Amino acid sequence: MRDRFLRLLTTFAALLTLGVLLALATYILIRGIPCLRPSLFSPVYTSENVSLLPALINTLTVTALSLLFALPAGVGAAIYLGEYARRGSRLAAVVRLAAETLQGIPSILYGLFGYLLWGLRLGWGFSILGGALTLAVMILPVILRTTEEALRSVPDSWRESCLGLGAGRLRTITRVVLPAAAPGILAGAILSVGRVVGETAALLYPAGTATGVAESLFSSCRTLSIHMYALLSEGLHTDAAYATAVVLLVLVAGINTLSAILARRAVRRRWS
C-alpha cells in the first residue's frame, strides 16, 4: 500500500507539472497566434510595425556568443573536478561552492555586475558583447554542474579498461569519457539555452534596449524577452507582445527538439 501510494503521488506530481506547462503554452498560443502579422517580421523596426525580427536575430546572436564563452569553461572546469582533482581537494571544494553560490544569485544582480564591469569599467557602454559575457557568467554554473554529473555517470570500469590498455588520461577522457557523457553535457547546454533565450533582467543593464540589429559586438540591442517586456511596459502594443511570446515559445521548443534529436543521433553513432 505504501508503494502504491508513493507511485500515485509521484504520478500526480508529474501530471500536475505537465498540466501547468500545457496550460501556459495553450494560453500563450491562443492569445498570441491571432496577433501574428507580416509587419512583425519586417527587417527594420519602427514605432508603427514594432517588428520583432531584429530582436530575434539579436537573441540568436546572444545565445551563440554566451555558449561560445561558457561551454568550454564549464566543461573544462567539470573535467578538472571529475577527472583530475584529488579527493578532498580544497580547490575543488571552493569551485563547487562558488558554482552553487552563483546559481542562487538573482539575475538582476548579474545585470548590474555586467553593467558595472563591461559597461562602465571597461567603457563598452551598452553592448551585445557585454550582455553575452554576463549571460555566460550566469549559465556557467549550470553547465559545470550538469557536466560533472554526466562525467560521474560514466562507469569507472571504462576508465580502468582504457588505462589498462596503455592509453593516457587525456586520451581516455577524449575518446571514452566525453563521448559517453555527451548526452548529459548536451542536456546542460539545452538548459542554458533556455535560460539565455528567456532572460530579461540580466540583459537590461549591459545590453540596453536598442531596437535594431546589433551591427557590431559593441552595439546596443534588445532580445525577444526584452522586446516583449518593453512592449508590455509601454502598454501601446499588447497584441504584439503576445505575438512575440508565441515566437519565443516556438524558438525555445525548436531549439530543445533539435538538441534532443542531435543527442540521440550522437548516441546511436557512438554505439553503432
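Trainee: Would you mind going over the overall build of the protein with me for this structure?
Mentor: If you tally the helices and strands in the protein, you get 10 helices and zero strands. For the protein, the α and β elements follow one another from N to C terminus as α-α-α-α-α-α-α-α-α-α. On the principal axes, the C-alpha backbone points of the protein span a range of 70 × 60 × 35 Å. Burial statistics for the protein: of 272 residues in total, 38% are counted as buried. The contacts of the protein with a sequence gap of at least 6 include a subset with a gap of at least 24, amounting to 72%. Total accessible area computed for the protein in this model is approximately 15,400 Å², and 67% of it derives from carbon and sulfur atoms.

Trainee: Please explain the confidence of the model for the protein as it appears in this structure.
Mentor: Averaged over every residue, the pLDDT of the protein is 88; the share at 70 or more is 97%. When mean pLDDT is taken per element in the protein, helix α1 (residues 2-32) scores highest with 93 and helix α10 (residues 238-271) scores lowest with 80.

Trainee: Could you clarify how one ought to interpret the pattern of salt bridges in this entry?
Mentor: Opposite charge on two side chains permits pairing when their charged atoms draw close. If you walk through the whole model with that rule in mind, you get seven salt bridges. Ionic contacts of the salt-bridge type, sharing partners, join the residues Arg 96, Glu 100, Arg 145, Glu 148, Glu 149 and Arg 152 into one network.

Trainee: I tried to follow a nonpolar patch on the surface on my own but got confused; where do I start?
Mentor: On the surface, a nonpolar cluster with roughly 530 Å² of combined accessible area is contributed by Ile 108, Leu 109, Leu 112, Leu 116, Leu 120 and Tyr 205. Top element by residues in the nonpolar patch is helix α4 (residues 107-121). It accounts for five residues. Since its relative accessible area comes to 45%, Leu 116 is described here as partly exposed.

Cut-offs and rules
Residues numbered from 1 in each chain as written. Predicted model: local features only at pLDDT ≥ 70, side-chain atom pairs only at ≥ 80, totals over all residues. Heavy atoms only, no water. Helix = DSSP H or I, 4+ residues; strand = E, 2+ residues; numbered from the N terminus. Buried < 20%, exposed > 50% of the residue type's maximum accessible area, 1.4 Å probe, protein only. Contact = heavy atoms within 4.5 Å. Areas by Shrake-Rupley, 256 points an atom, 1.4 Å probe, with all protein chains shown as cover. pLDDT = per-residue confidence, 0-100. Salt bridge = Lys/Arg side-chain N within 4 Å of Asp/Glu carboxyl O. Patch = residues over 30% accessible without salt bridge, like charges linked within 9 Å, V, L, I, M, F, W, Y side chains within 5 Å.

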